[in-house]
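For reference, the chains in residue letters:
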Amino acid sequence: MEIIRIPSIMREIAKDLIIKGKSIGFVPTMGALHEGHLSLIKRARDENDYTVVSIFVNPTQFVQGEDYDRYPRDVEGDKEKIEKIGIDYIFLPDVTSLYPHGYSTYVTVESLSDKLCGKFRPGHFRGVATILCKFFNIIKPTRAYFGQKDYQQALIVKRMVEDLNFGIEIIICPTIRENDGLAISSRNLYLSDEERKASIIIYQALKKGEQLLKEGVNPSEVSLKMKEILENEPLVSEIQYTGVFDPFRLDELREKQDKYLLAIAVKIGDTRLIDNIIIE
Ligand code: PAF
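Residues numbered from 1 in each chain as written. Predicted model: local features only at pLDDT ≥ 70, side-chain atom pairs only at ≥ 80, totals over all residues. Heavy atoms only, no water.

**Student:** Before we go on, may I ask you to explain the packing of helix 9 (residues 200-214) against helix 10 (residues 219-231) in this structure?
**Tutor:** In a pair of packed helices, the angle between the axes and the distance between the axes together describe the arrangement. At a minimum axis distance of 9 Å, the contact between helix 9 and helix 10 shows a crossing angle of 155 degrees. With respect to each other, helix 9 and helix 10 are oriented roughly antiparallel. Handedness of the helix 9/helix 10 crossing: right-handed. Counted together, Ile201, Ile202, Ala205, Leu206, Lys208, Gly209, Leu212 and Leu213 of helix 9 and Pro219, Val222, Lys225, Met226, Ile229 and Leu230 of helix 10 form the full contact between these two elements. For the contact of helix 9 with helix 10, the class distribution of residues is eleven nonpolar, one polar and two charged. (Axes fitted to C-alpha atoms, helices over the stretch in contact; angles between N-to-C directions. Helix = DSSP H or I, 4+ residues; strand = E, 2+ residues; numbered from the N terminus. Parallel < 35°, antiparallel > 145°, perpendicular 65-115°, else oblique. Left-handed = near helix turned anticlockwise from the far one by under 90°. Contact = heavy atoms within 4.5 Å. Nonpolar A, V, L, I, M, F, W, Y, C, P; charged D, E, K, R; others polar.)

**Student:** Looking at this model, I keep getting lost on the nonpolar core. Mind explaining?
**Tutor:** A general tendency of soluble globular proteins is for nonpolar side chains to be buried together. Core analysis: the largest hydrophobic core is formed by 47 residues, its most contacted members being Met10, Leu132, Phe135, Phe136, Ile139 and Met160. Those elements that place two or more of their residues in this core are helix 1 (7-19), strand 2 (24-29), strand 4 (89-91), helix 6 (124-139), strand 5 (143-147), helix 7 (151-163), strand 7 (236-245) and strand 8 (260-268). The element best represented in this core is helix 6, accounting for ten residues. Once you skip the residues sitting within four places of it in the chain, Met10 turns out to touch Ile4, Val52, Tyr89, Phe91, Ile138 and Ile139. Leu213, Ile229, Leu262 and Ile268 belong to the second largest nonpolar core, which has 23 residues in total. (Core = buried A, V, L, I, M, F, W, Y, C linked by side-chain atoms within 4.5 Å. Buried < 20%, exposed > 50% of the residue type's maximum accessible area, 1.4 Å probe, protein only.)

**Student:** Explain helix 9 to me, please; I cannot follow it from the model alone.
**Tutor:** Every α-helix winds through 3.6 residues per turn, so residues three or four apart in the chain are directed the same way. For helix 9, built from 15 residues, the straight-helix expectation of 21 Å at 1.5 Å per residue is met to within 8% by its first-to-last C-alpha distance of 21 Å. For helix 9, the secondary structure elements touched by its buried residues are helix 8 (193-198), helix 10, strand 7, strand 8 and strand 9 (271-279). In the segment just after helix 9, Gly216 is the residue with positive phi, at about 95 degrees. (Expected span 1.5 Å × (residues − 1).)

**Student:** Which parts of the structure should I look at to understand the site of the ligand?
**Tutor:** Contacts to the ligand come from Pro28, Thr29, Met30, Asn58, Gln61, Val128, Ile131 and Gln153. In the model, an oxygen atom of the ligand is placed 2.7 Å from a nitrogen or oxygen of the Gln153 side chain. Burial of the ligand by the protein amounts to 89% of the accessible area it has alone, namely 290 Å². Where the shell around the ligand is concerned, the elements lending two or more residues are strand 2 and helix 6. Residue classes in the shell around the ligand are distributed as four nonpolar, four polar and no charged. (Near = heavy atom within 4 Å. Polar contact = N/O pair within 3.5 Å; in protein donor to acceptor, adjacent residues only side chain to side chain. Areas by Shrake-Rupley, 256 points an atom, 1.4 Å probe, with all protein chains shown as cover.)

Quick look at the structure:
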């Protein structure tokens, strides 16, 4: 496994692999790798000739006042975990190599970026789309892998790849959960023991929503019920959104349809957590 820090070297390696007709699987991460990331990396390894994992805490996707400085970083631990899986390259650029002095180009995926998480993190998806656009240009992957936990992110990336003719297959992999249902996330590390216990309310609200929808209850009533469940947990300090949404446009649904996105973003104490499930 090789560690590449310089974008132009990474690009040369990728170019070479493409000339040789090899497929490249790409898993972008911000490090602090957990089982969710590892499942994406294993899948990329199994489905491609070569696999590249990037580790980069991207400053442009953190909104002012967010946790950029204290975002968990553990590059040595990450390298060990990736090495065990057996992939080819870790791309580990530093901030100035990707955003040098004078950097001024950003990518915005309109409409989808302003909804759900975008309302509460203005500019977040612009940062995500920009860094992924740069990674896609450098690594030129055949396939790129994303977790369903960040469903809106994956939808935005799919849109961008289609709109900008990248020709990359975007693969959305299932959310990996703890035994009690909590979606695994790097930010779970911020939770105190009490908050960790309380956080299972998110999955419980989603499952209740699923059950009600399957029983034929109207989406707007399901959304209210999910909100009520979250409101009854004292450690939920803020409900940013909760309910039943259209899985393609991300608008809240009032009427029944074939496919639903049940999604939640809440703060437990100071920690912002998101989760979702899709129902066909
Ligand atoms: O999901 C993440 O960890 C980040 O948003 C990503 C895709 C690595 C871009 O910085």
